[in-house]
Amino acid sequence: MRLAINGATTMKADLKTDIEAASQAGFEFIEIWAQKLRKFLVEHSTADLVELLAKNNLKPYSINSIEQITFRTQEDYEKIKAETHELSEIAEKINCPYIVVVPGKRPEGVTSAEIIEESTKVLNELADIAESHGVSLAFEFLGQADCSVQTLGLCNKIIERVGRKSVGNVLDTFHFYAGESKFEDIDSLSADKLFIFHINDAEDLPKDELTDAHRLYPGQGILPIKEIKVRLDKIGYDKVASIEIFRPEYWEQDPFEVAKIAKLSAEKALGLK
């Protein structure tokens, strides 16, 4: 399993700093935070970004993310489609294989069948856009109680219903734990339909009190990272583990040091060294 770092882990650093910090820490891949990408492209070109990545021996793995893609007003959904066009064009130019897309909040009274239907429809429509640029969509369930897709099991049902090579799952250790996903959900996954594995840890708090701000470096909390890794090994997942930590405390620290600690922590937690 190879390692990436997600730009959320060093949220206050700019994209150039993210790339340089990831490179110095020894990462092979980076997940690019979309807001940082847009700021970079105000004064630079995609060719400049390709050159910067190559200079630092780093490959882009995904662009994060298009938020709340489902259960939107028509006006908001048109913006979602425009954003998919925008990021897909950029991803194609920088040879980035994935864009992360996130489900919307769960409307009151909606059924699981309606969630599957809405998610399938939207993912197919957005995939039509992304595929025209050779880009795939990685659908990330969220463990928060108000999200329409809270578990890996439901997320994978949607991915199977979509049935496209260009649409797959994201498994995040925090959301897996907080949203009450089951280890059996991993067992039933097809490895080629798991596009991205986000690794992080969390403080020892009741699940209903956990927020993204309670995330920690891998191995420093109570998430079942080792068991998840065992299950991923069994299904043959050997792609990329990407460290994604939304902890404000880390955002105030030196991004080069954060990237270094993140890599060492992930290697130890995953048993890679």
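The coordinates are above.
Since the model is a prediction, treat every value here as computed from it, not as a measurement.

(A) Layout of the overall build of the protein chain. Of regular secondary structure, the protein chain possesses 11 helices and 10 strands. Compactness check: the protein chain gives a C-alpha radius of gyration of 17 Å against a globular reference of 19 Å for 273 residues, within 12% of the reference. Taking the principal axes of the C-alpha coordinates as reference, the protein chain spans close to 45 × 40 × 35 Å. Relative to its full complement of 273 residues, the protein chain shows a buried share of 55%. Of the contacts made within the protein chain by residues no fewer than 6 positions apart, 81% connect residues no fewer than 24 positions apart. Here the protein chain displays about 11900 Å² of accessible surface, and carbon together with sulfur accounts for 48% of that area. Here the protein chain carries 33 positive and 47 negative side-chain charges, and the mean point of each set is 4 Å from the other.

(B) Layout of the pattern of salt bridges. Under the criterion given, the structure shown has 23 salt bridges. Here Arg215 and Asp172 are joined by a salt bridge, their closest N and O atoms 3.1 Å apart. One end of the pair, Arg215, is in strand S9 (residues 215-216); the other, Asp172, is in strand S6 (residues 167-172), and 43 residues separate them in sequence. Given the relative accessible area of 0%, Arg215 is considered buried.

(C) Structural context of the sheet that holds strand S10 (residues 240-243). Here we have 8 strands rolled up into a closed barrel, ordered S1-S2-S3-S4-S5-S6-S7-S10, and parallel in their pairing. The sheet shows a mean angle of 30° between the axes of neighbouring strands, taken without regard to direction. Pairing geometry for strand S5 (residues 136-140) and S6, over 4 bridges, is parallel. Each bridged residue has a counterpart across the sheet, and for Leu137 the counterpart in S6 is Val167.

(D) The packing of aromatic side chains, seen in detail. All chains considered together, the criterion is met by 7 aromatic pairs. An angle of 70° between the planes, with centres 5.7 Å apart, marks the rings of Trp33 and Phe246 as edge-to-face. Highlighted residues: Trp33 in strand S2 (residues 29-33) and Phe246 in the loop between S10 and helix H10 (248-251), separated in sequence by 213 residues. We note that Trp33, like Phe246, is buried. Three or more aromatic residues joined by ring pairs form one cluster here, namely Phe29, Tyr61, Tyr98 and Phe195. Note that Arg247 overlies the ring of Tyr250, its terminal NZ or CZ placed 5.7 Å from the centroid.

(E) Inspection of the pairing of strand S7 (residues 194-199) at higher detail. Most of S7 is tucked away: 6 of the 6 residues are buried. In the sheet, S6 pairs with S7 via 4 bridges, with the strands oriented parallel. Across the sheet, the residue bridging to Asp172 is His198, located in S7. When S7 meets S10, the two strands line up parallel, connected through 3 bridges. Following the sheet pairing, His198 is matched in S10 by Ser242.

(F) A look at helix H9 (residues 225-235). Within H9, the full set of buried residues consists of Ile225, Ile228, Lys229, Arg231, Leu232 and Ile235. The arc that holds every buried residue of H9, seen down its axis, measures 165°, which confines them to one face. For H9, the exposed residues lying more than 90 degrees away from the buried face are Lys226 and Lys234. On its buried face, H9 sits against S6, helix H7 (173-178), helix H8 (183-187), S7, strand S8 (201-202) and helix H11 (255-270). Looking at the residues trailing H9, positive phi occurs at Gly236, about 85°.

Conventions used here
Residues numbered from 1 in each chain as written. Predicted model: local features only at pLDDT ≥ 70, side-chain atom pairs only at ≥ 80, totals over all residues. Heavy atoms only, no water. Helix = DSSP H or I, 4+ residues; strand = E, 2+ residues; numbered from the N terminus. Rg over C-alpha atoms; globule rule 2.2 N^0.38 Å. Buried < 20%, exposed > 50% of the residue type's maximum accessible area, 1.4 Å probe, protein only. Contact = heavy atoms within 4.5 Å. Areas by Shrake-Rupley, 256 points an atom, 1.4 Å probe, with all protein chains shown as cover. Lys, Arg positive; Asp, Glu negative; His and termini not counted. Charge placed at Lys NZ, Arg CZ, Asp CG, Glu CD. Salt bridge = Lys/Arg side-chain N within 4 Å of Asp/Glu carboxyl O. Pairing = 2+ DSSP bridges. Axes fitted to C-alpha atoms, helices over the stretch in contact; angles between N-to-C directions. Phe/Tyr/Trp six-rings, centres within 6.5 Å; stacked < 30°, edge-to-face > 60°. Lys NZ or Arg CZ within 6 Å of the ring centre and 35° of its normal. Arc of directions from axis to C-beta.

Distances and angles like these do not, on their own, reveal function.
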